Amino acid sequence: MASSSTFRSSHRNERNVPQGSSSSTSRSVIGQPHPSVRSRVPASRRSVTPNSRVHSDDGEDSGRVRVTVRLRPRNAEDLLSDADFADCVELQPELKRLKLRKNNWSSESYRFDEVFTETASQRRVYEVVAKPVVESVLNGYNGTVMAYGQTGTGKTYTVGRLGKEDASERGIMVRALEDIITNTSPASDCVEVSYLQLYMESIQDLLTPEKINIPIIEDPKTGEVSLPGAAVIKIRDLDHVLQLIQIGEANRHAANTKLNTESSRSHAILMVSVRRSFNEKVEYEVSSQEKDTRNGISGGNVIPTVRKSKLLIVDLAGSERIDKSGSEGHSLEEAKFINLSLTSLGKCINALAENSPHIPTRDSKLTRLLRDSFGGSARTSLIITIGPSARHHAETTSTIMFGQRAMKIVNMVKLKEEFDYESLCRKLESQVDNLTAEIERQQRLRDNDKDEVEKKLREYQNSSAEAEKRLVTRSEFLEKENACLEGEMKDILNELNHQKDQNNLMRDEVAHLEMSLKHSKQHQLENSTYQKVLADTTQMYEKKIAELIKQLEDERARSESAEEEVEVMQKLLNDHQKSVQ
Ligand SMILES: Nc1ncnc2c1ncn2[C@@H]1O[C@H](COP(=O)(O)OP(=O)(O)OP(=O)(O)O)[C@@H](O)[C@H]1O
């Protein structure tokens with residue numbers, strides 16, 4: 001419920017989400033988002049527009065209060081008493097319309113966001129009525145799911161049913177927490193619940209029933225409402241949820257029994273706080289100097305951010321008491337209080353629907369608790385429950401009119417995201433601790449190193465003195481050795497010179513011998529040539545001699561033959577002469 005303080009600027013990093021149509025009447029702008037922050041929220045959800053609470057028939061993402069209607073199936077009483085009468089309502093779920101019979105001839109038609117027939121399942125009701133709000137809460141927005149209707153029309157059935165035996169019977173509270181548990185991580189997120197009832201303007205803790213008259217505290221800066229006196233239980237798992245809701249229901253039932261009534265005379269409020277941490281990269285448009293500082297402290301521009309959102313699931317007391325409580329014989333005081341909250345809720349809804357400049361939020365504790373749910377920054381879904389009986393025509397009409405007015409309210413849904421200074425601080429503290437420990441460790445290491453170095457230096461000095469001593473002895477020894485070697489060297493040089501002379505002599509001799517050898521070789525060469533010539537000549541002469549001998553022998557042979565011829569001739573001559581004589 002928006003009061004003037006609701007619209008004050010917040011110091012938090014809140015992102016406003018336009019939820020009304022552009023033609024909406026504007027109010028002051030709720031806390032501007034940090035201009036330098038670029039969130040991961042889609043752009044359509046980030047722009048800053050004036051808050052609006054005028055009816056708008058815009059899309060699904062609208063901040064308009066969603067209103068659905070659910071018809072309870074006929075019960076035994078209805079069947080008995082209304083046997084001859086037609087139902088006072090006719091549902092047209094496909095048109096999302098409800099026809100309210102005025103009399104036998106005419107009826108009025110009303111449109112809702114959804115119309116649930118008596119056969120609608122708990123699951124479908126949850127998915128249409130509460131799931132979008134739960135998703136929104138998981139994304140960091142506040143949300144409210146509220147059931148409003150006449151006693152016995154199924155508010156508690158719709159909202160608070162445990163469904164322990166049959167999970168399909170589970171109501172919105174259990175299903176919402178189941179969804180939240182499934183979609184959060186115990187490592188980075190925290191889900192806590194408080195369960196309260198508001199009876200006669202007193203808030204009682206349903207989880208620790210001894211706590212009564214719990215005060216409502218409003219943050220003067222943010223306008224946020226909290227109940228610091230209420231028990232806040234961190235949720236572990238679904239069994240834990242079932243256990244807590246059961247405890248709460250038992251305490252509520254006990255209170256009702258004490259009042260001698262079966263029906264809920266109190267408003268039950270389950271408050272679920274979701275705190276989600278993100279360590280994702282966030283881009284900042286900051287100066288380089290600022291960037292350096294940020295990098296210095298957080299190790300990069302990963303800034304822990306936290307989104308805190310609250311889901312209110314409200315099961316209101318029977319609405320017929322607005323008109324009937326007094327007439328039904330309750331004490332005037334009790335009736336006054338029971339009426340007060342629902343009456344003031346109705347007044348606020350009217351004022352918001354009519355765009356009135358004053359919203360009487362402060363008139364009751366219920367409206368103070370719900371200030372964020374109607375005309376505030378929460379995503380709100382209202383389910384109105386009605387019965388089929390014509391006997392309750394007036395109450396049904398009143399309920400439908402309440403729902404119709406609520407449909408005109410447009411909330412300015414806004415994301416509540418802050419830098420997680422707590423976790424940043426813890427992170428920095430642990431960094432400082434680590435650094436201090438590291439410095440101390442380094443210091444210890446340095447001290448150890450210093451001792452070590454000094455020890456090594458002493459050892460080095462000792463060893464170097466010894467080495468020096470050894471060096472002196474060694475150098476004396478070497479000097480002596482050197483002198484000896486020099487003497488030896490002189491002798492060797494002399495010997496060398498002598499050898500050199502000898503060598504020279506020998507070289508000369510060798511040269512001489514070489515020369516001789518050369519000459520001898522030459523001589524030998526010449527000799528061999530001569531001998532060859534001689535041999536050739538000899539051979540030639542021998543050949544010639546052989547020829548001459550042959551000639552001689554030929555000549556001798558010729559001579560001998562000539563002699564023989566001569567002799568023959570002589571003889572012939574002699575013969576001849578003799579003959580002649
Ligand atoms: N949709 C439904 N289907 C079946 N039974 C239902 C349905 N709605 C309500 N009932 C039954 O009707 C009876 C009254 O319902 P419930 O107690 O939820 O009403 P209520 O509006 O919370 O009443 P009160 O304001 O007195 O607390 C219960 O027995 C419940 O089981």
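Computed from a prediction, not measured in an experiment: that's the story for all the values here.

S.K.: Outline the overall build of the protein, listing residues and values.
M.R.: For the protein, the helix and strand inventory stands at 11 helices and 16 strands. Of the contacts formed within the protein by residues at least 6 apart in sequence, a portion of 73% connects residues at least 24 apart.

S.K.: Talk me through unusual backbone geometry; I want residue IDs and the actual numbers.
M.R.: For Lys96, which is not glycine, the phi torsion reads 55 degrees and is therefore positive. Turning to its location among the elements, Lys96 is positioned in the loop between strand 3 (89–92) and strand 4 (97–101). Look at Lys96 and you get partly exposed, because its relative accessible area is 30%.

S.K.: So what's going on with the UniProt feature "binding site: ATP" (unreviewed entry) in the protein? Residues and values would help.
M.R.: When the UniProt feature table is mapped onto this chain, "binding site: ATP" (unreviewed entry) is found at Gly149, Gln150, Thr151, Gly152, Thr153, Gly154, Lys155 and Thr156. Positionally, Thr153 belongs in the loop between strand 7 (143–149) and helix 3 (155–160). Not counting residues within four places of it along the chain, the set of residues in contact with Thr153 comprises Arg72, Thr385, Ile386 and Gly387. One polar contact links the side chain of Thr153 to the main-chain carbonyl oxygen of Gln150, over a distance of 2.5 Å. Tracing the sequence through the fold places Lys155 in helix 3. On the basis of relative accessible area, Lys155 is assigned to the buried category, the value being 6%.

S.K.: Tell me about the side chain of Asp315, and name the residues and values.
M.R.: Mapping Asp315 onto the fold places it in strand 14 (residues 305–315). Note on Asp315: relative accessible area 2%, which makes it buried. A polar contact is formed between the side chain of Asp315 and the side chain of Arg252, at a distance of 2.9 Å. Look past the residues within four positions of Asp315 in its chain and what remains in contact with it is Ala147, Lys155, Thr156, Val159, Arg252, Ser266, His267 and Ala268.

S.K.: How would you sum up the pairing of strand 2 (residues 66–71)? Please name residues and give values.
M.R.: Most of strand 2 sits out of view: six of its six residues are buried. Of the two faces of strand 2, the one carrying Arg66, Thr68 and Arg70 and the one carrying Val67, Val69 and Leu71 are both buried. Pairing between strand 2 and strand 15 (residues 379–386): six bridges, direction parallel. Each bridged residue has a counterpart across the sheet, and for Val69 the counterpart in strand 15 is Ile384. Direction of pairing for strand 2 relative to strand 6 (residues 114–116): parallel, over a ladder of three bridges. By the bridge assignment for strand 6, Val69 is matched with Val115.

Rules behind the numbers
Residues numbered from 1 in each chain as written. Predicted model: local features only at pLDDT ≥ 70, side-chain atom pairs only at ≥ 80, totals over all residues. Heavy atoms only, no water. Helix = DSSP H or I, 4+ residues; strand = E, 2+ residues; numbered from the N terminus. Contact = heavy atoms within 4.5 Å. Buried < 20%, exposed > 50% of the residue type's maximum accessible area, 1.4 Å probe, protein only. UniProt positions renumbered as here; feature names shortened; annotations may be inferred. Polar contact = N/O pair within 3.5 Å; in protein donor to acceptor, adjacent residues only side chain to side chain. Pairing = 2+ DSSP bridges.

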